[in-house]
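What follows is the residue order along each chain.
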Amino acid sequence: MTSVALDRVVKKWGHFVGVNDVSLEIADGEFLVLLGPSGCGKSTTMRMVAGLEELTSGEIRIGDRVVNDLAPGERDLAMVFQNYGLYPHMTIAQNIGYPLKVAGVPRQERMKRVQAAADRVELSEYLERRPHALSGGQRQRVALGRAIVRTPQLFLMDEPLSNLDAKLRVSMRAQIKHLQKELNTTTIYVTHDQVEAMTLADRVAVMAKGEIQQIGAPLDIYNRPANAFVASFLGSPSMNLFEMQVSDGELRNPSFRLRAPDNAPSALTIGQRPEDMAAVAPGEGDFDSEVYTAELLGDTALITVRIGHDLVSIKAPKDTGFRMGDRVGIRFDRDTLHYFDGVTGTRIEFETGGYAA
Amino acid sequence: MTRHAKRLRIAGLSVLQIVVAALVLLPFFWMLSVSFKPATEAFAIPAELWPRNPTLENYVLALRPEFRRYFLNSMIVSGATLAITIPLGLLAAYSLSRFQYRILSVFLAMVVLAQFFPAGAMIIPIYKIVRSAGLLDTYASLIIAYITVTLPVAIWMMRGFLMRVPRTLEEAAAIDGASPLRAFVDIVIPLARPGIVATSVFVLIVTWQEFLFALSFTSSKEMRTLPVGMNDYIGQYGVRYGELMASSVMISVPVIAVFFFLQRQFVAGLTAGAVKG
Ligand SMILES: Nc1ncnc2c1ncn2[C@@H]1O[C@H](COP(=O)(O)OP(=O)(O)OP(=O)(O)O)[C@@H](O)[C@H]1O
Ligand SMILES: [Mg+2]
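Residues numbered from 1 in each chain as written. Chains lettered and ligands numbered in written order. Predicted model: local features only at pLDDT ≥ 70, side-chain atom pairs only at ≥ 80, totals over all residues. Heavy atoms only, no water.

Novice: Which parts of the structure should I look at to understand the domain arrangement of chain A?
Specialist: Reports of interface size often rely on the accessible area that becomes lost once the parts have come together. Residues and elements named next belong to chain A. For chain A, the domain assignment lists domain 1 (4–229) and domain 2 (239–341). Measuring from the centre of the C-alpha atoms in domain 1 to the corresponding centre in domain 2 gives 39 Å. Tallying the contact residues gives five residues for domain 1 and six residues for domain 2. When domain 1 packs against domain 2, the two sides together hide about 470 Å² of surface, and 60% of this comes from carbon and sulfur. Three residues stand out in domain 1 for area buried against domain 2, namely Tyr222, Pro225 and Ala228, and they jointly supply 85% of the buried area on that side. For the pair domain 1 and domain 2, the number of links is zero salt bridges. Counting across the domain 1 and domain 2 interface gives two residue pairs in polar contact (both at pLDDT 80 or more). Classifying every residue of the side of domain 1 that touches domain 2 by side-chain character gives three nonpolar, two polar and no charged. (Domains from an automatic or database assignment. Contact = heavy atoms within 4.5 Å. Buried area = accessible area lost by both parts, 1.4 Å probe. Salt bridge = Lys/Arg side-chain N within 4 Å of Asp/Glu carboxyl O. Polar contact = N/O pair within 3.5 Å; in protein donor to acceptor, adjacent residues only side chain to side chain. Nonpolar A, V, L, I, M, F, W, Y, C, P; charged D, E, K, R; others polar.)

See the structure below:
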C-alpha cells in the first residue's frame, strides 16, 4: 500500500507530445481510473508509472521514492496487460508463480502462495493447464492472480476487460472492484469505457490529447464536468450540447431561444443530460420538433429528435406515447443546464441558473 | 464446386504429389539399393531396382578406420560450428529484433546478397587468409570458414523467429522482477525454440556436407571430413560404387535422424495463447 504522485510528467517522441504536463496524486488504497478516448495517452502514462517507458521530463514518486530511474521490477508493482501477457510455455501455476520465482522465494512457500492466489481468483482447478487451454475470462483471472501473488504496493491495469464479452465484463468488473477493496491496494486502472470508470473508480482522471481534463469522484465529474469535452465523454447517451449566440439577453440558435444568464459571453455552449430534458406535448416546451426515433430501453424510453443537423436524446418514462414522426415539444430544465464557454469549452458557473448541486 | 469435382481435384493433386515425391526420392532409393548390391550387380544392365542378392559387404568394407576418423572430424567441425554460431547468432539476432539500428537494412541486404556469391569465387581469398594465419590443415580453419557462412544466415533466420515473440511478454517479465537477461532466458528463448532448432538443423546440414572448403584447407588424412573422405572411393581406375553408396547412406543417417527427432520442434504455434485469442 502506498501513494503515487506524478509531477509535471511529459512524454515526447520527437516532436509528437504523447503526454503533456500531467500531474496527479493517488492516495494510499485509492482506485484511480484514467479515462479517455483512444490515443489520448492513458497507456503511455501508465507505462511510465510501470517503468516500461522513460519520462521526457517530470517526476514520478511511489511512496516517498522517486522511481524515474528504477527498473520496473524495482518499483514493487504489478501490472495486468490488455492482452493478458501470459507466458504461453508455462502452466498456470508457473505463470502465477513467476514473480515469486524471480524473487527467489523457495519452492514450498511459492506453491503455497500460488495456491492461495489461485483460490482468490477461482482458478485452483486449472493450475496444470497452459494458457491456450483457457477461456478469455479465465486467462484474465490468471493475469490477476499473477498480479496479486506477491502482494505489491501498486496495481496497474491497462484495459484489462476490453477483450471480454459484455456479460463477462460486468462480472469481472465486480470481481476486480471487490478484490481491490479487500486487498486495499492502490490501483491505477486505464479504460476508455466510461461505464467502467464510473463503476470502479474512487476518483476518475479524464484525459484528452495527452492532458488531464478533470480529476474527481465519478459523480462530481458527471454532475459538474469541467469542460464540454468531459461533459460529452461521460454519460450514455452523452450530454446534449448546443452552440448558442448571445444577444439582447437571449441565447439563440436557428431552432430555439432561451433566456441568457447575466454576464454571458457572446458565444456560449449549453448542455443538458438526456435524463434532465423532458418530452412534452407540442407547444408546451421550449421548442417543437419531430420524433426521429423512439426506443424502449426497458426501464425508460429514449426519444431522439433532430435539431438542425444534430440529434438530441431525451430520456422519458417507458410508457411515453411518442412514436416515430410524432410532433413533440422539448423542454429544458433550467436548474440542470450546464454552460461552457463557446470558444474555450471551459465550464462557466452563473449566479442565476446553472447547475444547482 | 460440386462434391464430385472436388473429389476429382483431390485425387489429381494426390497423384501429382506422389509423382513429385517419387522423383525426389528416386536417387535416395538408388543409393540405398546400390549399397546393398554386390559389386557385380551394381551396374548390371538392365538395371534392377531391388538387389538380387542383398549383402552387407559394402558396409563392412566402408567402415574402415579412416572412415571412423572422417566421421569424428565431421562431428567436431560441425559441432563446434554449431556451438559457436547458435549462441552468438541468437544474441545478435535478439539485439537486431529489439532495437532499431539504422544499418539494420544494410546488414540484412548484405546477408541475402552474400548468398548469391558462389563459394568458388571466395575460396581463393579465404585460402590465402587461412594460410597466412597458419591455420591450414587444422579444425580451426574449417570452423572459422564455416562460421563466416552460417552466422549471418543464422542471425537472419533467428531474428525472424524472435520478432514473433510478443514484446508484452518481456515487459510482463520485467514487471515480475526479471532482468532483461533473465527474461531472455526464461521467456524469449523457450518461445523461439522452434526457430533455434530449425537454425541449428540448417547449420548442421550446411557444415556436414560441405566439400570445397574442406578439400582446400585440409591436406592430411587425419584432418579430412566425410565429404572429402568419400573421394577415396573415386580412384584413377574406377569408382567403387558399392562402398561409396554404403558410406553415403551412413553419412545421411545422422542428418535424417536429426530431422526425425526434431520434427516436432519445428511445429511453431508455441506462442498460441500468449495474447488474446
Ligand atoms: N513508441 C511510440 N512512438 C511514437 N508515438 C507513440 C508511441 N507509443 C504511443 N505513441 C502515440 O502516443 C499517443 C498515446 O498513446 P497511448 O498508447 O498512450 O494511447 P491510449 O490512450 O492508451 O489509447 P488506447 O485507448 O487506444 O490504448 C498515441 O497517439 C500514440 O500513437
Ligand atoms: Mg492504451
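Novice: Looking at this structure, I do not really get the site of ligand 1. What am I missing?
Specialist: Residues and elements named next belong to chain A. As a matter of local geometry, ligand 1 sits amid Trp13, Phe16, Pro37, Ser38, Gly39, Cys40, Gly41, Lys42, Ser43, Thr44 and Glu159. Between ligand 1 and Gly39, the relevant distance is 2.7 Å, taken from an oxygen atom to a main-chain nitrogen or oxygen of the residue. Within the side chain of Glu159, one N or O atom sits 3.2 Å away from an oxygen atom of ligand 1. Bound to the protein, ligand 1 loses 61% of the 640 Å² it would expose on its own. (Near = heavy atom within 4 Å. Areas by Shrake-Rupley, 256 points an atom, 1.4 Å probe, with all protein chains shown as cover.)

Novice: Which parts of the structure should I look at to understand the pairing of strand S18 (residues 310–317) of chain A?
Specialist: In regular strands, side chains alternate between the two faces of the sheet. Residues and elements named next belong to chain A. Summarising the sheet, strand S17 (residues 300–307) and S18 pair through eight bridges and their orientation is antiparallel. Within S18, the position partnered with Thr304 by the bridge is Ser313. Following S17, the chain reverses through two residues before pairing antiparallel with S18; Gly308 in that reversal takes a positive phi of roughly 60°. (Pairing = 2+ DSSP bridges. Helix = DSSP H or I, 4+ residues; strand = E, 2+ residues; numbered from the N terminus.)

Novice: Any chance you could explain the sheet that holds strand S6 (residues 77–80) of chain A here in plain terms?
Specialist: Working definition: the strands of a sheet are paired by backbone hydrogen bonds and lie parallel or antiparallel to each other. Residue and element names in this part refer to chain A. Sheet architecture is open: six strands sit in the order S6-S7-S8-S3-S9-S10, paired in mixed fashion. Both edges of this open sheet fall to S6 and strand S10 (211–216), since each of them pairs with a single strand only. Between one strand and the next, the sheet's axes are offset by a mean angle of 15°, whatever the strand orientation. Bridging between S6 and strand S7 (residues 154–158) involves four bridges; their strand directions are parallel. Within the sheet, the bridge partner assigned to Leu77 lies in S7 and is Leu154. Along the sheet, helix H1 (residues 42–50) makes contact with strand S3 (31–35), S6, S7, strand S8 (186–191) and strand S9 (203–208), crossing S7 at roughly 150°. (Axes fitted to C-alpha atoms, helices over the stretch in contact; angles between N-to-C directions.)

Novice: Please explain the nonpolar core as it appears in this structure.
Specialist: Within soluble globular proteins, side chains that are nonpolar generally end up buried alongside one another. Membership of the largest hydrophobic core comes to 70 residues, with the highest contact counts inside it found for Leu156 and Ile188 of chain A. The leading source of residues in this core is helix H7 (residues 139–163) of chain B, at 10 residues. Apart from the residues within four sequence positions on either side, Ile188 of chain A is in contact with Ile26, Leu32, Leu34, Met46, Val49, Leu154, Phe155, Leu156 and Met157 of chain A. Core analysis: the next-biggest nonpolar cluster, separate from the first, contains 43 residues, Leu86, Val105, Leu127 and Leu144 of chain A among them. (Core = buried A, V, L, I, M, F, W, Y, C linked by side-chain atoms within 4.5 Å. Buried < 20%, exposed > 50% of the residue type's maximum accessible area, 1.4 Å probe, protein only.)

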